[in-house]
Amino acid sequence: MCKKIVFSIGIILLPFSAFSLDSQFSQWTYLHVKNKSLSKAQVLFQQRYFKKSEASLKKALYYKTSLSRQEKIIAYIGLASDYVEMVVAKHGKTKDLLKKAEVYFKKAEEIMPQASDINISLCSGLGYIYLRNKLYSKAEYYLKKSFRYPLKQYPKERRDILNTLVGIYWEMAKDCLKHSDQKKAIAYWQKAFKYAQSPKQQAMLFRDIGYAYLDSKQKDEALFYMKEALSIAGSQAKSMLGAEGYQKLLNTLVGIYWEMAKDCLKHSDQKKAIAYWQKAFKYAQSPKQQAMLFRDIGYAYLD
């Protein structure tokens with residue numbers, strides 16, 4: 001049986017500050033090998049000479065009859081890792097490099113034992129590639145497949161896989177919004193929340209679910225998720241959501257309560273309108289908003 005070969009796989013850099021690219025495909029370099037070309041490639045990879053590492057691995061595979069199955073798997077994973085790191089370092093065309101990485105991960109997949117923990121590396125690696133290529137269903141399949149193996153033994157790999165799943169569902173939600181399908185987008189964000197690892201991710205997900213509900217004219221649901229986003233973020237809300245995003249969220253909450261108060265006035269329910277304006281005041285950030293809210297509360301009491 002092959003020894004355990006696990007490397008870290010990081011999430012694709014998405015337009016959300018909750019995520020960061022943390023691609024470290026280096027653990028294959030710590031495995032003992034007898035083949036000189038493989039040993040040389042390991043050193044070159046650690047020194048970040050990915051092109052030279054690629055050449056050395058290809059040399060080893062040229063004489064592959066002398067390689068054991070484990071060494072072949074190491075060579076294939078090494079080459080795939082070289083190409084992914086070249087993508088990260090922007091050493092070549094991303095599309096071509098990701099295709100090469102996929103080819104070698106697949107070659108390793110063909111000859112590896114099904115029960116080996118090495119499948120974690122392959123599943124996370126292929127999931128990463130498919131996410132970069134926006135093949136979200138394939139990415140989801142491979143990343144979820146990795147859960148068949150003992151991920152608890154590899155906390156770094158587990159965290160990266162979960163983060164990548166969050167990224168997949170977030171991107172799928174964005175695609176739904178492009179087609180004005182808020183309901184489906186919300187379902188994907190809720191799936192993402194299941195795998196979210198940090199309060200920052202959770203707060204951002206609830207914020208976006210809130211906005212989707214608001215777009216669907218479901219104000220009560222929008223209020224719930226937006227307030228939960230602020231609750232999760234707590235005193236770090238401004239840094240987690242960004243100064244502009246935090247301000248926008250507060251203004252949105254003020255706006256929702258203000259609209260709900262106006263709806264109450266249409267039914268001559270001044271008492272309820274005042275209650276909504278008072279809730280709005282809690283989130284008002286500017287003296288102008290506060291003055292206007294107190295003005296309207298005053299008029300409501302006068303009526």
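Because the structure is predicted, anything quoted here is derived from the model rather than measured.

Summed over all chains, the structure comprises 13 salt bridges. Of the charged contacts in the structure, one is a salt bridge between Lys-99 and Glu-102, with a shortest N-O distance of 3.8 Å. Here Lys-99 and its partner Glu-102 are both found in helix H4 (residues 94–111), three residues apart, which amounts to about one turn of the helix. Ionic contacts of the salt-bridge type, sharing partners, join the residues Lys-106, Glu-109 and Lys-145 into one network.

So, on to the packing of helix H9 (residues 199–215) against helix H10 (residues 219–233). Viewed as axis vectors pointing N to C, H9 and H10 meet at an angle of 165°, and their least axial separation amounts to 7 Å. Considering the angle they form, H9 stands roughly antiparallel to H10. Once H9 is placed against H10, the crossing between them reads as left-handed. Here Pro-199, Gln-202, Ala-203, Phe-206, Arg-207, Ile-209, Gly-210, Tyr-211, Tyr-213 and Leu-214 of H9 come into contact with H10, specifically with Glu-221, Ala-222, Tyr-225, Met-226, Glu-228, Ala-229, Ile-232 and Ala-233. A per-class count over the contact of H9 with H10 returns 13 nonpolar, two polar and three charged.

Note that Asp-269 resides in the loop between helix H12 (243–266) and helix H13 (270–283). For the pair formed by Asp-269 and Ala-300, sequence separation is 31 residues and the distance between their alpha carbons is 9.2 Å. A polar contact is formed between the side chain of Asp-269 and the backbone nitrogen of Lys-272, at a distance of 3.1 Å.

Conventions and cut-offs
Residues numbered from 1 in each chain as written. Predicted model: local features only at pLDDT ≥ 70, side-chain atom pairs only at ≥ 80, totals over all residues. Heavy atoms only, no water. Salt bridge = Lys/Arg side-chain N within 4 Å of Asp/Glu carboxyl O. Helix = DSSP H or I, 4+ residues; strand = E, 2+ residues; numbered from the N terminus. Axes fitted to C-alpha atoms, helices over the stretch in contact; angles between N-to-C directions. Parallel < 35°, antiparallel > 145°, perpendicular 65-115°, else oblique. Left-handed = near helix turned anticlockwise from the far one by under 90°. Contact = heavy atoms within 4.5 Å. Nonpolar A, V, L, I, M, F, W, Y, C, P; charged D, E, K, R; others polar. Polar contact = N/O pair within 3.5 Å; in protein donor to acceptor, adjacent residues only side chain to side chain.

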